[in-house]
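Here is how the chains run, residue by residue.
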Amino acid sequence: LPITVIPNPLDLTVFRQLDRDMSRTLLRLPKDIKLVSFGAIGGTSNLRKGYTELSRALEILAKDYDRDGLLCVIFGQSKPRDFAPLPFEVTWVGSLRNDDILAALYSASDVYVSPALQEGYANTCAEAAACGCPSVAFAGTGAEQTITHQSTGYLARPMSAEDLAAGIVWVLAENAEGRLSTKARAKAEVEWSFRVVGDAYQEVYEASLVTFQESQKRP
């Protein structure tokens, strides 16, 4: 049988685009500033998650971007004791075990950055897209399955902090009127709903059954 790749399904009634200001009020985040979010369990200490590349990208971004006009929001962990300061202010929201709160954080964010160097499937990028938040990640990883380059987000050159920074700038500029947000949500509905993923599984099962039945007829 041919190899078939079926994405993880998302509950699009939970991961949905919420009102931006309401989400920021709920999470006690400022409303008059750009929010760049990053999330991974132990993400600042796990080299595979790409926090080093994210730090470098933010250093590059700070050379030309107003440091008072951007806030980094990190979820998945609390602030580590040995945390090295970033050029932008950072808000730590800790571990988010409630999907409704996570959806609010995506909805509150202007861009979600997933700088993982190795990624089997960038599920957080899919969740962000469902909430209308475009993502920036590295090409050559599982993020290629969840981001359509320069349509629902940005795929930077592998391990290039410079292009990761360029992607953040590009998304912030291109999504000023919500064009990327609309396309990101549409991608989620077309590719990751329970119905779509369920139909994909059924198609594989039916094709497998036909192949099996035909194999039984052979002498």
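Structure shown above.
Below, the structure is looked at part by part. (Residues numbered from 1 in each chain as written. Predicted model: local features only at pLDDT ≥ 70, side-chain atom pairs only at ≥ 80, totals over all residues. Heavy atoms only, no water.)

Along its length, the protein chain carries seven helices and six strands. When the helices and strands of the protein chain are read in sequence order from the N terminus, they spell out α-β-α-β-β-α-β-α-β-β-α-α-α. The C-alpha atoms of the protein chain give 19 Å as radius of gyration, which agrees with the globular expectation for 219 residues (17 Å, within 12%). Taken along its principal axes, the extent of the C-alpha atoms in the protein chain is 75 × 35 × 30 Å. Split into buried and exposed, the 219 residues of the protein chain put 50% on the buried side. Across the protein chain, contacts joining residues at least 24 apart in sequence account for 62% of those joining residues at least 6 apart. Taken as a whole, the protein chain presents about 11,600 Å² of accessible surface, with 51% of it coming from carbon and sulfur. (Helix = DSSP H or I, 4+ residues; strand = E, 2+ residues; numbered from the N terminus. Rg over C-alpha atoms; globule rule 2.2 N^0.38 Å. Buried < 20%, exposed > 50% of the residue type's maximum accessible area, 1.4 Å probe, protein only. Contact = heavy atoms within 4.5 Å. Areas by Shrake-Rupley, 256 points an atom, 1.4 Å probe, with all protein chains shown as cover.)

Among the nonpolar cores identified, the biggest contains 36 residues, and Leu10, Phe15, Leu29, Leu35, Tyr106, Tyr112 and Trp192 are the most heavily contacted of them. Of all the elements in the fold, those that place two or more residues in this core are β2 (70–75), α3 (99–108), α4 (123–130) and α6 (179–191). Among the elements that line this core, the one with the most residues is α3, at six residues. Filtering out sequence-adjacent residues up to four positions away, phenylalanine 15 remains in contact with Leu10, Asp99, Leu102, Ala103, Tyr106, Glu127, Ala130, Cys131 and Arg185. Formed by 30 residues, the second largest nonpolar core is a distinct cluster that contains Leu58, Leu70, Val90 and Ala165. (Core = buried A, V, L, I, M, F, W, Y, C linked by side-chain atoms within 4.5 Å.)

Quick look at the packing of aromatic side chains now. This structure, assessed with the given rule, holds eight aromatic pairs. Centre to centre, the rings of phenylalanine 75 and tyrosine 106 are 6.1 Å apart; their planes meet at 90°, and the pair counts as edge-to-face. Of this pair, phenylalanine 75 sits in strand β2 while tyrosine 106 sits in helix α3, and the two are 31 residues apart along the sequence. Of the two residues, phenylalanine 75 and tyrosine 106, both sit in the buried class. Here phenylalanine 83 and tryptophan 92 contribute two aromatic rings whose centre-to-centre distance is 4.8 Å and whose plane-to-plane angle is 90°, an arrangement assigned as edge-to-face. (Phe/Tyr/Trp six-rings, centres within 6.5 Å; stacked < 30°, edge-to-face > 60°.)

Let us look at the pattern of salt bridges. Pairs can form between side chains of opposite charge once their charged atoms are near each other. Tallied over the full model, the rule gives seven salt bridges. Between aspartate 110 and arginine 24 there is a salt bridge whose closest N-O contact spans 2.9 Å. A residue pair is termed long-range when its members are at least 10 positions apart, and aspartate 110 in the loop between α3 and β4 (111–114) and arginine 24 in helix α1 (residues 20–27) qualify at 86 residues. By relative accessible area, which is 13% here, aspartate 110 ends up buried. Classification of arginine 24 by relative accessible area gives buried; the value is 0%. Close ionic contact of arginine 157 with aspartate 163 constitutes a salt bridge, the shortest N to O distance being 3.7 Å. (Salt bridge = Lys/Arg side-chain N within 4 Å of Asp/Glu carboxyl O.)

This part takes up the side chain of lysine 187. Considering the arrangement of structural elements, one finds lysine 187 in helix α6. Using a relative accessible area of 10% as the deciding quantity, one classes lysine 187 as buried. Side-chain polar atoms of lysine 187 contact the side chain of glutamate 191, separated by 2.9 Å. (Polar contact = N/O pair within 3.5 Å; in protein donor to acceptor, adjacent residues only side chain to side chain.)

With respect to the secondary-structure elements, aspartate 99 resides in helix α3. With relative accessibility at 40%, the residue aspartate 99 sits in the partly exposed group. In this structure, the C-alpha to C-alpha distance between aspartate 99 and glutamate 127, residues 28 residues apart in sequence, is 9.7 Å.

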